[in-house]
Amino acid sequence: MPEFRAPGRVNLIGGQVDYHDGWVVSMAIDRDVRVVAHARTDARVTARSHELEGEVSVAADGSDDPPATQPRWGRAVAGVTRVLADLGRAPVGVALDTRSDVPIGAGLSSSAAFEVACMLALCDAARFVLGGADLARAAQRSEHVATGVPCGIQDQMASVLGRADHAIFLDCRTLAVEHVPVPEELRVLVVHSGVPRELEQTPYAQRRAESQAVAARLGLPALRDASFDQVRDIPRGRHAVTEMQRVRDFARALREHDLDALGPLMLASHASSRDDMEVSIPELDVLVDELVRAGALGARLTGAGFGGCVVALVPAADAETIAQRATGAYRTRTAREPSAWITRAADGAGPVSGE
Ligand code: GLA
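Values in this document were obtained by computation on a predicted structure and should not be read as measured data.

## Some words on the sheet that holds strand β9 (residues 298-301)
- Pairing in this open sheet of 4 strands is antiparallel, and the strands run β9-β10-β8-β11 from one edge to the other. Only two strands of the sheet have a single neighbouring strand rather than two, namely β9 and β11 (339-343). When strand polarity is set aside, the average angle formed by the axes of neighbouring strands in this sheet is 20°.
- Both β9 and strand β10 (residues 309-315) contribute to a ladder of 4 bridges, which runs antiparallel. Paired with Arg 300 across the bridge in β10 is Val 311.

This is how it looks when you write it as structure tokens:
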């Protein structure tokens, strides 16, 4: 039985800029969604999840309405089926067994990973070929169709095009990807604040609309085309323009092994996300603060914000100690229950060859 996997991702820098045609640095992580596909003799796409209740069943021709699909997590299955049908996939039935260890509602792209993994299984069952940026775009569209969340392209691109031991520097306008090594002497520490969030229930779409309105007022296709002078006094625009510069500086620093530059860029990114973009919450600010106090080079909220995780770069030798100290202090200050793990850059999505 064919099996497919798609990893979650952690965004190292480049928050709220993918939908402005900006740049981001992310990496696929060693947590993924796995999907085993079983043949069916009818034209239904069905799915069971190891973690979530219920069974999903939708018509393989994509005619079922994704937002109306039950159980709720099945909207993604219906979205994927709909988008692939629109792209010309034949209505071949398949039964999907899914399993995930990407934390949900954490900012690590569990839903992009789920959609990419299901897409690979559906494509394979119908001998329909879709890969690279086309696969990422289709998965992004299925998120739009399933939940109405107007997400950008960075999550799906990282899940599809990640590479072990490398981060990806992604140009969200051209979808050009450069793989840059994650420095050996550093570890990527992810800490969950213990504050869950579901993207649909956050002001994510509102923030996106507010900042896109800035581009519209300036008569620009996207904030990528704005200069700093144009947005100097407009917080949402200022965030986007300065964040894009920080991302390019961060990519340069990785390429040139300029480790001292990385931490301050992450901290500036967090401050701008908090003050100009207003996507942080006090818990994430405390976590960043405690991580730095404990010895991280830098830290910032990751993903859409409003809860979920913080990402930090830490010296490899001190990674465990820093995680323990920071989570201990955070627990005391917030009475929240954090969880921390050291994550590694993983390969992007694909078939699982007999392990
Ligand atoms: C979510 C979206 C992404 C991106 C980030 C914020 O993860 O899915 O496309 O916009 O938020 O950078």
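Here the narrative resumes, following the displayed structure.
## Looking at helix α2 (residues 110-125)
- Helix length check: α2, at 16 residues, gives a terminal C-alpha distance of 23 Å against a target of 22 Å (1.5 Å per residue), a fit within 8%.
- α2 sits mainly inside the fold: 13 of its 16 residues count as buried.
- One or two steps after α2, the chain reaches Arg 127, where phi turns positive at roughly 50°.

## A closer look at the site of the ligand
- By nearness alone, 13 residues border the ligand, and Gln 16, Asp 18, Gly 152, Asp 155 and Tyr 204 come closest of all.
- Here Arg 9 contributes a side-chain N or O atom positioned 3.2 Å from an oxygen atom of the ligand.
- A total of 310 Å² of accessible area belongs to the ligand in isolation, and the protein chains cover 96% of it.
- Assessed atom by atom at 2 Å from the grid points, the ligand resides in the largest pocket.

## Topic: the environment of Ala 323
- Looking at where Ala 323 falls in the secondary structure, it is placed in helix α10 (residues 319-334).
- Not counting the four nearest positions on each side in its chain, Ala 323 is found in contact with Leu 189 and Ala 340.

## Points about the layout of surface pockets
- Quantified by volume, the largest pocket comes out at close to 930 Å³.
- For the largest pocket, the lining is made up of 45 residues, of which Ile 104, Gly 105, Ser 110, Ser 111 and Glu 143 are closest to its centre.
- Of all elements in the fold, only β1 (3-13), α1 (74-86), β5 (94-100), α2, α3 (132-147) and α4 (154-161) reach the threshold of two or more residues within the lining of the largest pocket.
- Of the residues forming the lining of the largest pocket, the biggest block, 5 residues, is contributed by α2.
- Of the residues belonging to the lining of the largest pocket, the class tally is 17 nonpolar, 16 polar and 12 charged.
- Looking at the second largest pocket, it is lined by 13 residues, and the ones nearest its centre are Asp 165, Val 182, Pro 183, Arg 187 and Arg 344.
- Per-element accounting of the lining of the second largest pocket gives the leading share, 3 residues, to strand β8 (residues 186-192).

## Observations concerning empty space enclosed by the protein
- Applying the stated rule across the entire model yields 1 cavity of 30 Å³ or more.
- Roughly 40 Å³ of internal volume is contained in the largest cavity.
- If you go around the largest cavity, the residues you meet are Leu 12, Ala 167, Val 182, Pro 183, Phe 250, Leu 254 and Leu 313.
- Partitioning the lining of the largest cavity into residue classes produces 7 nonpolar, no polar and no charged.

## Considering the nonpolar core
- Core analysis: the largest hydrophobic core is formed by 86 residues, its most contacted members being Val 10, Leu 12, Val 25, Leu 96, Leu 108 and Phe 250.
- No other element matches α2, which puts 10 residues into this core.
- In this structure Phe 250 touches Leu 12, Ile 13, Val 25, Leu 262, Leu 265, Met 266 and Leu 313, once residues within four positions along its chain are discounted.
- Grouped together as the second largest cluster of nonpolar side chains are 29 residues, Leu 189, Leu 287, Ala 299 and Val 314 included.

## So, the pattern of salt bridges
- Applying the stated criterion across every chain, the model contains 30 salt bridges.
- Notably, a salt bridge pairs Arg 127 with Asp 124, separated by 3.5 Å at the nearest N-O pair.
- According to the relative accessible area criterion, Arg 127 is exposed, its value standing at 66%.
- The salt bridge involving Glu 210 is made with Arg 236; its shortest N-O contact spans 2.7 Å. Here Arg 236 lies in helix α7 (residues 235-255) and Glu 210 lies in helix α5 (residues 204-217), a separation of 26 residues in the sequence.
- Of the residues examined, Arg 236 reaches a relative accessible area of 14% and is grouped as buried.
- Each member of the salt-bridge network shares a partner with another, and the members are Arg 72, Arg 75, Glu 198 and Glu 200.

## Observations regarding the packing of α1 against α2
- Look at α1 against α2: their axes get within 10 Å of each other, and the N-to-C directions meet at 50°. Accordingly, the angle class assigned to the pair α1 and α2 is oblique. Considering the relative orientation of α1 and α2, their crossing is right-handed. Where α1 abuts α2, its residues Ala 76, Val 77, Val 80, Thr 81, Val 83 and Leu 84 lie against Phe 114, Glu 115, Cys 118, Met 119, Leu 122 and Cys 123.
- In the contact of α1 with α2, the residues fall into 10 nonpolar, 1 polar and 1 charged.

## Describing unusual backbone geometry
- The residue after Gln 70, namely Pro 71, is reached through a cis peptide bond having omega -15°.
- Even without glycine at this site, Ser 109 takes up a positive phi of about 65°.
- If you trace the backbone, Ser 109 turns up in the loop between β5 and α2.
- In this model, Ala 335 sits at a positive phi of 60°, which is unusual for a non-glycine residue.

What counts and how
- Residues numbered from 1 in each chain as written.
- Predicted model: local features only at pLDDT ≥ 70, side-chain atom pairs only at ≥ 80, totals over all residues.
- Heavy atoms only, no water.
- Pairing = 2+ DSSP bridges.
- Helix = DSSP H or I, 4+ residues; strand = E, 2+ residues; numbered from the N terminus.
- Axes fitted to C-alpha atoms, helices over the stretch in contact; angles between N-to-C directions.
- Expected span 1.5 Å × (residues − 1).
- Buried < 20%, exposed > 50% of the residue type's maximum accessible area, 1.4 Å probe, protein only.
- Near = heavy atom within 4 Å.
- Polar contact = N/O pair within 3.5 Å; in protein donor to acceptor, adjacent residues only side chain to side chain.
- Areas by Shrake-Rupley, 256 points an atom, 1.4 Å probe, with all protein chains shown as cover.
- 1 Å grid on protein atoms, 1.4 Å probe; cavity = no way out; pocket = protein on both sides within 12 Å on 5 of 7 lines; lining within 4 Å.
- Sits in = over half its atoms within 2 Å of the grid points.
- Contact = heavy atoms within 4.5 Å.
- Points joined across faces, edges and corners; volume = space filled by probe spheres on them.
- Nonpolar A, V, L, I, M, F, W, Y, C, P; charged D, E, K, R; others polar.
- Core = buried A, V, L, I, M, F, W, Y, C linked by side-chain atoms within 4.5 Å.
- Salt bridge = Lys/Arg side-chain N within 4 Å of Asp/Glu carboxyl O.
- Parallel < 35°, antiparallel > 145°, perpendicular 65-115°, else oblique.
- Left-handed = near helix turned anticlockwise from the far one by under 90°.

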